[in-house]
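Examining the three-dimensional arrangement
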Amino acid sequence: MSDAFQPISANDRPRFTEIASFMRLPHVPEGDPRRAQVEIGLMGVPFDLGTTNRPGARHGPRQVRDASALIRRAHRAHGMYPFDLARCADMGDALVNPADLQDSLARIAASVAALHAAGTVPLCVGGDHLITLPLLRAAKRDQPLGLIHFDSHSDTWDTYFGGWKYTHGTPFRRAIEEGLLDPKRCIQIGIRGSMYDLADNSWAEQQGMRVVYIEEYWRMGPEAVAAEARRVVGDGPTYLSFDIDAIDPAFAPGTGTPEIGGYSPAEAQRMLRGLMGVDFVAADLVEVSPPFDQTGGTAMVAANLLFEILCLLAGRVAARRAG
Ligand code: MN
Ligand code: MN
């Protein structure tokens, strides 16, 4: 693999130096001729007009870039060097218009559709969870996608505030309505928290989505839940979405809608490591809100989970190349 797509080594330049990019990868912005060679494109999506409570996720990409300077090049448990398996780069940020929600969704979809069109697998960092709707629009294939969704919320509510359909609580309902996802190949992991109504998630269940509430997660444990996720999505093309509020707020308080009683970062690592081999076509990690992340710990958790996800994508890129 060419050195042009290797991260800056901390043995050459210490981690606190240079301009922050995701995992110290080369910054390959729009218009850069190297774009055509990138196989996994990390992209920030600095948008939080979909938040219904605490805002700030628009600042997530910058904070995760900074925290991701800690990431080294080898994943010991997988025995893998992901940056050798796939050419990875920081593609900069998706375009947004902070004065217009719908215009932002169109700009985000266009920014990420350009990656798909170039054969690049997008790994996006939000931003609030509404960004997953334009990211799924951009990922659209001949067939609806499967979904592995880590979250404390189902995000399948219909409307808020008297009929408004676009918030970070609605993206997966909209995506199923738009035919972007196959609900029977969708699994949500870690759903918990107080509810508006005991029937809040009945729509998701009626569609055939597999909803793993936190109590079932407690009984099964991370490895069995990962196996269940692989069973639900099968061999078909699949999207991975990780809401940082899936993690217990003891570890990740810097988010818009925290819910106690979640899994730990280590348990999330165990689940993610169990997903190697799934046919992921794109992924995101969302809802890091730096203004509520006073210790920087939430961004640190996010950066390390981002590395776990990147390894899944790199394994997939390498497998596709091998045919
Ligand atoms: Mn969410
Ligand atoms: Mn959530």
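Structure report, in brief. (Residues numbered from 1 in each chain as written. Chains lettered and ligands numbered in written order. Predicted model: local features only at pLDDT ≥ 70, side-chain atom pairs only at ≥ 80, totals over all residues. Heavy atoms only, no water.)

Describing the coordination of the manganese ion (ligand 1)
Where we set the bar: Donor atoms: N, O and S within 2.8 Å of the metal, or within 3.2 Å for Na, K and Ca. Because water is excluded, sites can look incomplete. Only DSSP runs of H or I reaching four residues or more are called helices, and only runs of E reaching two or more are called strands; each is numbered from the N terminus.
Here the manganese ion (ligand 1) is held by His129 (ND1), Asp151 (OD), Asp155 (OD) and Asp243 (OD), and the distances to it run 2.1 to 2.2 Å. Every donor residue of the manganese ion (ligand 1) comes from the same chain, spaced as H-x21-D-x3-D-x87-D. Here the manganese ion (ligand 1) and the manganese ion (ligand 2) are spaced 3.2 Å apart, linked through aspartate 151, which binds each one. Here aspartate 243 lies in strand β7 (residues 238-243) and histidine 129 lies in the loop between β3 (121-126) and α4 (132-138), a separation of 114 residues in the sequence.

Thoughts on the pairing of strand β6 (residues 210-213)
Our working rule: Here, a strand pair is defined by DSSP locating no fewer than two bridges between the strands. Note on handedness: a clockwise path from strand one over the helix to strand two, with the strands aimed away from the viewer, defines a right-handed crossover.
Where strand β5 (residues 181-191) lies against β6, four bridges are found, and the strand directions are parallel. Residue pairing across strands places isoleucine 191 opposite tyrosine 213, the latter belonging to β6. Between the parallel elements β5 and β6, the chain passes through helix α6 (residues 202-207) in a crossover that is right-handed.

Remarks on the packing of helix α8 (residues 222-233) against helix α9 (residues 265-273)
The following threshold applies: Helix axes are fitted to C-alpha atoms over the stretch in contact, other axes to C-alpha atoms as well, and angles between N-to-C directions run from 0 to 180 degrees. Orientation is classified from the angle alone, with under 35 degrees giving roughly parallel, over 145 giving roughly antiparallel, 65 to 115 giving roughly perpendicular, and any other angle giving oblique. If you view the pair so one helix is near and one far, a crossing is left-handed when the near helix is turned anticlockwise from the far one by less than a right angle, and right-handed when it is turned clockwise. Contacts between residues were defined by any pair of non-hydrogen atoms, one from each residue, lying within 4.5 Å.
Interaxial distance between α8 and α9 falls to 8 Å at its minimum, and their mutual angle equals 40°. Accordingly, the angle class assigned to the pair α8 and α9 is oblique. Of the two possible hands of crossing, α8 and α9 adopt the one that is right-handed. Here Pro222, Glu223, Val225 and Ala226 of α8 come into contact with α9, specifically with Glu267, Arg270 and Met271.

Geometric values such as these leave the question of function open.
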